[in-house]
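Summary of structural features
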Amino acid sequence: MGFDLNFALASVPAILSAIGMTLLVAVTGCAGAASLGFCLEITRRAGGFAGYGVRFLIDFIRATPLLVWLYCLYFILPFYGLRLSALTVGILGLSLYYSGYLAEVFKAGIDAIPKGQPEAARALGIARLDTVIFVIAPQMLRNIAAPMGNYFVSILKSTPYLAVLAVPEMLGEAFDIASETYRYAEPLTIAGIIFLTLALIISQGVKWLERRLAASTVR
Amino acid sequence: MSTFDIWLGILAGFRVTASVTLYGLVFAIPFGLAFGVAQYLTSGFARFVVTSVIEFWRSSAVIILLFVFYYALPVIGVTLSAMTVAAMVLGLNIGGYASQAVRAGLQALDRGQKEAGQALGLSRATILLLIELPQALLAMSPTFINLVIQLLKATSLVSLITLSDMTFRAKEISQVEFDPVPIYLSLLLAYFIACYPIALLGRWMERRVSPATEARHGI
C-alpha cells in the first residue's frame, strides 16, 4: 500500500473547504492576542502590584506549552460551569498564549521610541493622551509591524492545534478523511502542503511590508 | 487522588519529555549550524536550495509535520520509532529557526573582522571557525536558549503520537480520575518549573553579551 497520489488529490477539495475556519481562527486569535497583549504590556508598564503580577503572568505563559493551555481551558472551564464551544476555547487559548509574546513585542516597540519624542511633545504643551495617540502610537506601530506579522504567521501555524479539540479546521478535516478511509498519509500530507504554502505566502507579504516600512523611514 | 499522586504520575513522564528534548537537540544543533553557515556562504542556486530546505522545516506547522512523518513514512517503507520521528521533526523545526539566528549573527559582524583575517593571510575556513563563528554564536546565545525552551514546550505534542511524556500521563490520569482541575494545573506548573530556570539563564546571558543595549531609551 504505497502513497496513492490520486487519493491524495481527491482529498484536496474537502481539506481546502475548511480553509475558511483556519483563517477565521488565525485572524480572531491574532486580534485577541494583540488586544490582550497590549493590555498586559500597559499594565506591566504602570508598575505596582498589578505590574508585578502581570510580569509574572507573561513569564508563566511563555514557559508553558500551548497544547497544555488548550487542555486546561477545555477541561477546567466547564468544571466551573463555563460551557464554551471548542472553537471559542481554541481562540481563547491562542489569544492567551500569544498575548505573552505580543506583550514583549509591544514592549520592544515602545522602548525603541527615543525619549526625546515624548519630551518634545511635553515641551510643546501637547496633552498626555494626545502624545500617546499622535506621537507614540504611530511610531510604535511602525516598529512592531514586522514582528507582529511574524507572530501572525506563528498563530496561523498553531491553528491545527485546535484539531485536538475537534474544531473542524484543515487538520481536523484531514483527520476526518483519514479515519473514514483508514488512509492517514495522503490527507495529512495534503494538509501539510496547504499550510506550508499559506505560511510562505503570508511571510513573503510580511517581508514586503517590512521593506516598505524600512524604505519609508529612511528619508 | 492526592496532589502527591498526581505529581508522581506526571513526573513519570518527565523522562520521555527530557529524552525528546535532548534527542531533538542532537538534530537541531548540527542542522542549525550547518545550514546557517551554508546560507551565509552560498549564493545563487546553491543558496536557493539551502533556503528551501530551511524554509521547509521552519515554515511548516510542526504539529502537522509530526503527524505526516509518523503516518506517511511507513507508507513509503520507512519505519522509524515514534521517539525518532518526534526528535527529528521537533529538532529540525527548531534547527530551522536556529539556522536563521546563526546566519543573522554572522551577517551582523563588522566586515573588518573578515577583512583583517584576509589581510593576515588566513584561509576562509580559519576565518569562519576562529573569528566569525565564535563571535556570532556568543552574540546569539540568548536566542539559542529561547529556542531550547521552544523545543521543550513543543515536546508536549509527542503525546499525540503515543509517546508517554508528561502531557500523556496527565491525560491518562484525568481519564481515570475525572478530576481535571488539579491534574491540568499541575501539568502547567510542571512545564513552568522545567522551562523557567532556562528562561532565567537566557536573560542572564542576554545581560552578559549585550551590556551596550542596557542603556534604555523608552518612556
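Residues numbered from 1 in each chain as written. Chains lettered and ligands numbered in written order. Predicted model: local features only at pLDDT ≥ 70, side-chain atom pairs only at ≥ 80, totals over all residues.

If you tally the helices and strands in chain A, you get nine helices and zero strands. Going from the N terminus to the C terminus, chain A shows its helices and strands as α-α-α-α-α-α-α-α-α. The principal-axis extents of the C-alpha atoms in chain A amount to approximately 75 × 50 × 25 Å. Counting every position in chain A, which comprises 219 residues, the buried fraction comes to 41%. Residue pairs at least 24 apart in sequence account for 76% of intrachain contacts in chain A once pairs closer than 6 positions are excluded. (Helix = DSSP H or I, 4+ residues; strand = E, 2+ residues; numbered from the N terminus. Buried ≥ 20, exposed ≤ 12 C-beta atoms within 10 Å, placed from the backbone. Contact = placed C-beta atoms within 7 Å.)

Glancing now at the interface of chain A and chain B. Each partner contributes residues to the interface: chain A has 39 residues there, and chain B has 34 residues. For the side of chain A that touches chain B, the residue count by class is 29 nonpolar, five polar and five charged. (Nonpolar A, V, L, I, M, F, W, Y, C, P; charged D, E, K, R; others polar.)

Let us now look at the packing of helix α4 (residues 66–76) of chain A against helix α9 (residues 180–209) of chain B. Helix-helix packing is characterised by the crossing angle of the two axes and by the distance between the axes. As a packed pair, α4 of chain A and α9 of chain B sit with axes 9 Å apart at the nearest point and diverge in direction by 165°. By the angle between their directions, the pair α4 of chain A and α9 of chain B is classed as roughly antiparallel. Relative to α9 of chain B, the crossing made by α4 of chain A is left-handed. Where α4 of chain A approaches α9 of chain B, its residues Val-68, Tyr-71, Cys-72, Phe-75 and Ile-76 of chain A are matched on the opposing element by Pro-180, Val-181, Tyr-184, Leu-185, Leu-187, Leu-188 and Tyr-191 of chain B. For the contact of α4 of chain A with α9 of chain B, the residue count by class is twelve nonpolar, no polar and no charged. (Axes fitted to C-alpha atoms, helices over the stretch in contact; angles between N-to-C directions. Parallel < 35°, antiparallel > 145°, perpendicular 65-115°, else oblique. Left-handed = near helix turned anticlockwise from the far one by under 90°.)

Quick look at the packing of helix α6 (residues 116–123) of chain A against helix α7 (residues 128–158) of chain A now. Residues and elements named next belong to chain A. The N-to-C vectors of α6 and α7 enclose an angle of 160°; their axes lie 10 Å apart at closest approach. When the axis of α6 is compared with that of α7, the two are roughly antiparallel. Read as a crossing pair, α6 and α7 show a hand that is right-handed. Residues Gln-117, Pro-118 and Ala-121 of α6 touch α7, and the partners they reach there are Thr-131, Val-135, Ile-136 and Gln-139. A breakdown of the residues in the contact of α6 with α7 according to their chemical character gives four nonpolar, three polar and no charged.

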